Amino acid sequence: MRINDDLSKPVIVHAAKLDWVASPSAGVDRRMLFRIGGEVARATSIVRYAPGSAFPRHTHGGGEEIVVLEGIFQDEHGDYPTGSYFRNPPGTSHVPASKDGCTIFVRLWQFRDGDRTQIVRQPGQGRQVAPPRPGASGVRVLFDDGHEEVRLEDWRPDETISLANARGLEFFVLSGGLTIGGETLQPQSWGRLPAGVDLKAAVGPEGAKIWIKEAALLHPDVCRLPG
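The structure contained in this document is the topic of the report that follows. Quick caveat: nothing in here was measured; it's all calculated off a predicted structure.

**Describing the environment of Ala-164**
With respect to the helices and strands, Ala-164 occurs in the loop between strand E18 (160-163) and strand E19 (169-180). Note on Ala-164: relative accessible area 58%, which makes it exposed. Once the C-alpha coordinates of Ala-164 and Val-197 are considered, the two residues, 33 residues apart in sequence, prove to be 7.7 Å apart. Each residue touching Ala-164, except ones within four places of it in the same chain, is listed here: Asp-198 and Glu-214.

Set out below in structure tokens:
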């Protein structure tokens, strides 16, 4: 399966308008944003857990990166409420579940080979930095290892945001809204821009909270998919 796999082209997906696709585990459904591969895939998705659902124990061969969008995501290591962010590097394992149901944004098989940095950021955690551009009211760095930087940014209502893109850029609208190139993005809209294509956005009247990753869209030393 291949979905939005041409990394040389900008892409925007209005994920909230996509149909849910059932996963192999009962009660766990997906909206697929980017995918290369079958059931084991290099993928970016929104995943919904029905109350009481769980996914079987599995080892992350290529790592996983998660933002909790709604509800409480859980595993045997703890609870992760709305707004949590964490990275489970290659070699880690768990049994993901949700007692009351949840929705998450997840990236799979996109870690660099040898990256073993595991972190958990509960809501509000991360390094606060001075807003690096006009129109941003708050910026929190969730992860930065020199190869990629992951941030949460709050953008003021009715501002124009310009963000230079030297490495590659991926973003996800958590709340509020914005317009890019005449296209209106609402919560759960996802975008990806190749290096050299800057982000220029007009923020809506409610402002916006954005998850941003600045990094190569696919690391040269990305973990190899099996087979």
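Having put the structure on the table, let's press on.
**Focus: the pairing of strand E8 (residues 64-75)**
Counted residue by residue, E8 has nine buried out of 12 residues, so it is predominantly covered. The pairing of E8 with strand E10 (residues 85-88) spans four bridges and is antiparallel. Within the sheet, the bridge partner assigned to Ile-66 lies in E10 and is Phe-86. By the bridge criterion, seven bridges tie E8 to strand E13 (residues 102-108) in an arrangement that is antiparallel. Counterpart to Val-67 in the pairing with E13 is Phe-105. Alignment of E8 against strand E9 (residues 78-81), held across four bridges, turns out to be antiparallel. From the neighbouring strand, Asp-75 faces E9, where its bridge partner is Gly-78. Between E8 and the antiparallel strand that follows it, E9, lie two residues.

**With respect to the packing of aromatic side chains**
With the rule as written, the count across this model stands at six aromatic pairs. Where Phe-105 meets Trp-211, the ring centres are 5.2 Å apart and the plane angle is 65°; that geometry is what we call edge-to-face. Of the two residues, Phe-105 is situated in strand E13 and Trp-211 in strand E22 (residues 199-215); the sequence distance between them amounts to 106 residues. The class for Phe-105 is buried, based on a relative accessible area of 1%. Put simply, the rings of Tyr-49, Phe-73, Tyr-80 and Phe-86 touch in pairs and so form one group of aromatic residues. Across from the ring centre of Phe-143, 3.8 Å away, lies the NZ or CZ of Arg-87, which sits over that ring. A cation sits over an aromatic face here: Arg-192 above Phe-34, 5.3 Å from the ring centre.

**A few points about the pattern of salt bridges**
Proximity of charged atoms lets side chains of opposite charge pair with each other. Under the criterion given, the structure shown has 17 salt bridges. For the salt bridge of Arg-48 with Asp-29, the shortest nitrogen-to-oxygen distance reads 3.0 Å. Of this pair, Arg-48 sits in strand E5 (residues 41-49) while Asp-29 sits in strand E4 (residues 28-37); the two residues are 19 residues apart in sequence, bridging distant segments of the chain. Taking the relative accessible area as the measure of exposure, Arg-48 reaches 32% and is therefore partly exposed. According to the relative accessible area criterion, Asp-29 is buried, its value standing at 18%. Notably, a salt bridge pairs Lys-213 with Glu-148, separated by 2.4 Å at the nearest N-O pair. Of this pair, Lys-213 sits in strand E22 while Glu-148 sits in strand E17 (residues 148-155); the two residues are 65 residues apart in sequence, bridging distant segments of the chain. Here Lys-213 matches Glu-148 in class, with each residue buried. Beyond isolated ion pairs, a larger network of salt bridges with shared partners links Glu-65, Arg-107, Glu-148, Glu-170 and Lys-213.

Each value, and the rule that gives it
- Residues numbered from 1 in each chain as written.
- Predicted model: local features only at pLDDT ≥ 70, side-chain atom pairs only at ≥ 80, totals over all residues.
- Heavy atoms only, no water.
- Helix = DSSP H or I, 4+ residues; strand = E, 2+ residues; numbered from the N terminus.
- Buried < 20%, exposed > 50% of the residue type's maximum accessible area, 1.4 Å probe, protein only.
- Contact = heavy atoms within 4.5 Å.
- Pairing = 2+ DSSP bridges.
- Phe/Tyr/Trp six-rings, centres within 6.5 Å; stacked < 30°, edge-to-face > 60°.
- Lys NZ or Arg CZ within 6 Å of the ring centre and 35° of its normal.
- Salt bridge = Lys/Arg side-chain N within 4 Å of Asp/Glu carboxyl O.

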